[in-house]
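One letter stands for each residue in the lines below.
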Amino acid sequence: MDINTYEQIFSSLKGVDDIDRVSEMFSQPVGVIYSILNQKTVTDVKKNFSRVQDRSGKHLSMWQKGTTIVQIARKNSIPATLMAAMILSEMGIPKKSFMKNIDELPDMRLKKEVKEAMCSDHFFSPRAHEVHTVKGKMGESILEQWLANKGVSFRTENDLRALGIAKTPDFLLEEPLDINGKNVSWIESKALFGDEKEHQYYMKKQFTDYEENFGTGMIVYWYGFLDSVKMDGHLIKDYRFFVKESDTIDELLNHGVQW
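Residues numbered from 1 in each chain as written. Predicted model: local features only at pLDDT ≥ 70, side-chain atom pairs only at ≥ 80, totals over all residues. Heavy atoms only, no water.

(A) The overall build of the chain, seen in detail. For the chain, the helix and strand inventory stands at 12 helices and five strands. Overall, the C-alpha framework of the chain stretches about 65 × 45 × 30 Å when taken along its three principal axes. In the chain, buried positions account for 49% of the 259 residues. Relative to all contacts within the chain whose residues are 6 or more apart in sequence, the contacts with residues 24 or more apart total 59%. As displayed, the chain offers around 13600 Å² of accessible surface, 47% of which is attributable to carbon and sulfur atoms. Each charge class in the chain can be summarised by its mean position, and for the 34 positive and 38 negative side chains these summaries are 8 Å apart. (Helix = DSSP H or I, 4+ residues; strand = E, 2+ residues; numbered from the N terminus. Buried < 20%, exposed > 50% of the residue type's maximum accessible area, 1.4 Å probe, protein only. Contact = heavy atoms within 4.5 Å. Areas by Shrake-Rupley, 256 points an atom, 1.4 Å probe, with all protein chains shown as cover. Lys, Arg positive; Asp, Glu negative; His and termini not counted. Charge placed at Lys NZ, Arg CZ, Asp CG, Glu CD.)

(B) Up close: the packing of aromatic side chains. Counted according to the given criterion, the structure contains 13 aromatic pairs. Look at W222 and F242: their rings are 5.0 Å apart centre to centre, the planes differ by 45°, and that puts the pair in the tilted class. Of this pair, W222 sits in the loop between β4 (217-221) and β5 (235-237) while F242 is found in the loop between β5 and α12 (249-254), placing the two residues 20 residues apart along the sequence. When its relative accessible area of 0% is taken as the criterion, W222 is described as buried. The buried category is assigned to F242, whose relative accessible area is 1%. Three or more aromatic residues joined by ring pairs make a cluster, and in this case those are W186, Y201, Y202, F207 and Y210. K40 extends its terminal NZ or CZ atom over the ring of F10, reaching a point 5.1 Å from the ring centre. (Phe/Tyr/Trp six-rings, centres within 6.5 Å; stacked < 30°, edge-to-face > 60°. Lys NZ or Arg CZ within 6 Å of the ring centre and 35° of its normal.)

(C) Representation of the side chain of D121 in the model. Counting through the fold element by element, D121 comes out in the loop between α8 (108-120) and α9 (126-149). Note on D121: relative accessible area 3%, which makes it buried. Within polar-contact distance, the side chain of D121 engages the side chain of T81 at 2.8 Å. In this structure the side chain of D121 is engaged in a polar contact, spanning 2.9 Å, whose partner is the backbone nitrogen of F123. (Polar contact = N/O pair within 3.5 Å; in protein donor to acceptor, adjacent residues only side chain to side chain.)

(D) Broad picture of the nonpolar core. If you look at the biggest cluster of nonpolar residues, it comprises 79 residues, and the most contacted ones within it are I69, M83, W146, I187, F207, M218 and W222. If one sorts the elements of this core by residue count, helix α3 (residues 30-53) sits on top with eight residues. (Core = buried A, V, L, I, M, F, W, Y, C linked by side-chain atoms within 4.5 Å.)

(E) Seen up close, α3. For α3, which comprises 24 residues, the first-to-last C-alpha distance of 32 Å matches the rise-based estimate of 34 Å (1.5 Å per residue) to within 8%. A maximum bend of about 45° is found in α3 at K47. (Expected span 1.5 Å × (residues − 1). Bend = angle between axes of the 7 residues up to and from the residue.)

(F) Structural context of helix α2 (residues 19-26). The set of residues buried in α2 consists of I19, V22, S23 and F26. Taken down its axis, α2 places every buried residue within 105° of arc, on the same side. Among the structural elements, α1 (3-12) and α3 are those in contact with the buried residues of α2. Trailing α2 by a residue or two, S27 shows a phi angle of about 55°, which is positive. (Arc of directions from axis to C-beta.)

(G) Quick look at the sheet that holds β4. Within the open sheet, the five strands sit side by side as β1-β2-β3-β4-β5. Their pairing is mixed. Looking at strand neighbours, the two that pair on one side only are β1 (154-156) and β5, the edges of this open sheet. On average, each strand axis in the sheet is inclined to that of its neighbour by 40°, with strand direction left out of account. Here three bridges tie β4 to β5, and the two strands are oriented parallel to one another. The residue bridging V220 from the neighbouring strand is K237, located in β5. The sheet contacts of α9 involve β1, β2 (171-179), β3 (182-190) and β4, and relative to β2 the element is tilted by about 65°. Along the sheet, helix α11 (residues 196-214) contacts β2, β3, β4 and β5; its crossing angle with β3, the most-contacted strand, is approximately 145°. (Pairing = 2+ DSSP bridges. Axes fitted to C-alpha atoms, helices over the stretch in contact; angles between N-to-C directions.)

(H) Representation of the packing of α3 against helix α6 (residues 80-90) within the structure. Relative orientation of the contacting elements α3 and α6 amounts to 25°, with a least axis distance of 12 Å. Considering their axes alone, α3 and α6 lie roughly parallel with respect to each other. Crossing geometry of α3 relative to α6 is assigned as right-handed. Every residue of α6 that contacts α3 at V45, F49, V52 and Q53 is listed here: L82, M83 and M86. Residues belonging to the contact of α3 with α6 are distributed by class as follows: six nonpolar, one polar and no charged. (Parallel < 35°, antiparallel > 145°, perpendicular 65-115°, else oblique. Left-handed = near helix turned anticlockwise from the far one by under 90°. Nonpolar A, V, L, I, M, F, W, Y, C, P; charged D, E, K, R; others polar.)

Here it is as structure tokens:
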């Protein structure tokens, strides 16, 4: 995706209600738009969280006066699950406790509103984390089937960790595979959109080590990537590379967008 299109999409997204409209406007799958909105939301939270958290006493006071958790979250432009955590923390209720045992909260109104907060939160709620985990596994499953269909032998991340290898790609190929004229020895699957920030993060955390240890590889950003994202000597692909070879791409691109 070119940077101009990305910036237009980024600026057009205010919330999940914009996803279908922006998807149609830019002729992009809803999953791509959802992923970009997810990253925008995380960026905004990192910028604003400390400021909003510093006012958590005022948020609790607003709630005690009748304003709902979701309303307070919207007023402060922060995901509702995080606002619920702030308010409950002010009450002396730990985050882990309320996440796992909502029905044990001491107040019926509190119970109801915490549930509403998490149901409205597509990015920081337990359900959102579950959706992201499922998408990650779906991407890996598509790659595993793709490699099997080509008769390529490989070892998975779990296989490699069992051998005591600390930093491992999702797939290490037994023999290099020629893809677009490059002999690829490893493949990494990422169920997200590859912008510059995400790419640089994973370059430092993973990709550089994979290159040093295993040679040339391929990174799959399932929900697309910026044209400016580069990794010298390596391949970067997205869903379009596999769309003719897998009948589950549409399922991946649409999973978790509508709750």
